[in-house]
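The primary structure of each chain is shown beneath.
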Amino acid sequence: MQLPYFFEENIPEAGNFFLSEESSRHIVQVLRMKPGQEINITNGKGELLTSSITISNKRKTEVAITNRQSIPEQSQKISIAISPVKNNNRFEWFLEKASEIGVSEIIPLICSRTEKNSIKMERMRNILVSAMLQSRQAWIPELMQPVKFSEIIKNISYQQKFIAYCGDSEKKTLKEFDNNNFSQIILIGPEGDFTQNEINIAIQNNYIPVSLGETRLRTETAGIVAAVLLMNKS
């Protein structure tokens, strides 16, 4: 039987330590775990601890570290810059699935036609944490603050840069590109798509137009399709 997975942002180098109240409550009231039983703990930054419960308390459960692993980050960095959609549930669905897939970075992208210019960062990060635990990973995607389109295209830190849109202009497919463990970013626009001016500016800044298939996709679906296509090349 697999050990339960928990998230603790701050974990010590060694010794015993107390879990957060949220984790403690889940251990005691939901899982009914007792001293001597073991759990897995990650900080979302590659550290994975196997720990034994020493004190079972719904507010301050104490554990002792019995094993520590450092899980390496994947060599391929995949960033999805995606326009927030008006329906919160749909954007939260995207965050959950992107975390499960193993996306490295998520950037809320504010475009000319974006309908929602702000997001609840704490809630969104909690969704990423939950999805990380559900999929039993040790790395949580980095959730960036919302970035304007005019700012993202100036970023030169990515080795491969793509933009996906619905127009009829000539595009490539992602399978045509060898990632070679490159850092990659793909821009996903709002429901109304990027403006022609945004597309032109992106191309001028070395973003490569790509197709995600023959059908027209919702924004959050396009984000997941892009993530899967890029991950399958790693």
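Structural data are supplied above this passage.
Residues numbered from 1 in each chain as written. Predicted model: local features only at pLDDT ≥ 70, side-chain atom pairs only at ≥ 80, totals over all residues. Heavy atoms only, no water.

## Re unusual backbone geometry
What counts, and what does not: Each helix is a run of H or I in the DSSP string that is no shorter than four residues. Each strand is a run of E no shorter than two, and both are numbered from the N terminus. Only protein chains enter the calculation, and the probe is 1.4 Å; a residue is then buried if its accessible area is under 20% of its type maximum, exposed if over 50%, and partly exposed in between.
Here the phi dihedral of Asp-193 falls at roughly 70°; this positive angle occurs in a residue that is not glycine. Inspection of the secondary structure puts Asp-193 in the loop between strand E12 (183-188) and helix H5 (196-204). Owing to a relative accessible area of 12%, Asp-193 belongs among the buried residues under this scheme. Phi at Asn-206 takes a positive value of approximately 70°, unusual for a residue other than glycine. Along the polypeptide, Asn-206 turns up in the loop between H5 and strand E13 (208-211).

## With respect to the environment of Asn-16
Inclusion rule: Any two residues whose heavy atoms approach within 4.5 Å are treated as being in contact.
Relative to the assigned elements, Asn-16 resides in strand E2 (residues 16-18). For Asn-16, a relative accessible area of 44% gives the class partly exposed. As for Asn-16 and Arg-68, which are separated by 52 residues in sequence, their C-alpha atoms are 13 Å apart. If near-sequence neighbours (up to four positions away) are discounted, Asn-16 is found in contact with Thr-54, Glu-62, Val-63 and Ala-64.

## Points about the environment of Asn-88
Note that Asn-88 resides in helix H2 (residues 88-101). Judged by its relative accessible area of 32%, Asn-88 falls in the partly exposed class. The sequence separation of Asn-88 and Leu-217 amounts to 129 residues, and the corresponding C-alpha distance is 17 Å.

## Observations regarding the pattern of salt bridges
For clarity, the cut-off: Salt bridge, as used here: a side-chain nitrogen of Lys or Arg that lies within 4 Å of a carboxyl oxygen of Asp or Glu.
In this structure the tally under the stated criterion is eight salt bridges. Residues Arg-90 and Glu-191 are paired through a salt bridge, measuring 2.6 Å at the closest nitrogen-oxygen approach. One end of the pair, Arg-90, is in helix H2; the other, Glu-191, is in the loop between E12 and H5, and 101 residues separate them in sequence. In this structure, the salt-bridge partner of Lys-97 is Glu-96, at a minimum N-O distance of 3.0 Å. According to the relative accessible area criterion, Glu-96 is partly exposed, its value standing at 31%.

## Comments concerning helix H3 (residues 121-134)
Each full turn of the α-helix corresponds to 3.6 residues, which orients residues three or four apart in the same direction. Let me state the cut-off plainly: Helices are assigned an expected span. That span is 1.5 Å times one less than the residue count.
Compared with the 20 Å implied by 1.5 Å per residue over 14 residues, the 20 Å span of H3 between its first and last C-alpha is a close match. Every buried residue of H3 is listed here: Met-124, Ile-127, Leu-128, Val-129, Ala-131, Met-132 and Leu-133. Those residues of H3 that are buried lie in contact with strand E1 (5-7), strand E3 (38-42), H2, strand E7 (105-110) and strand E8 (142-143).

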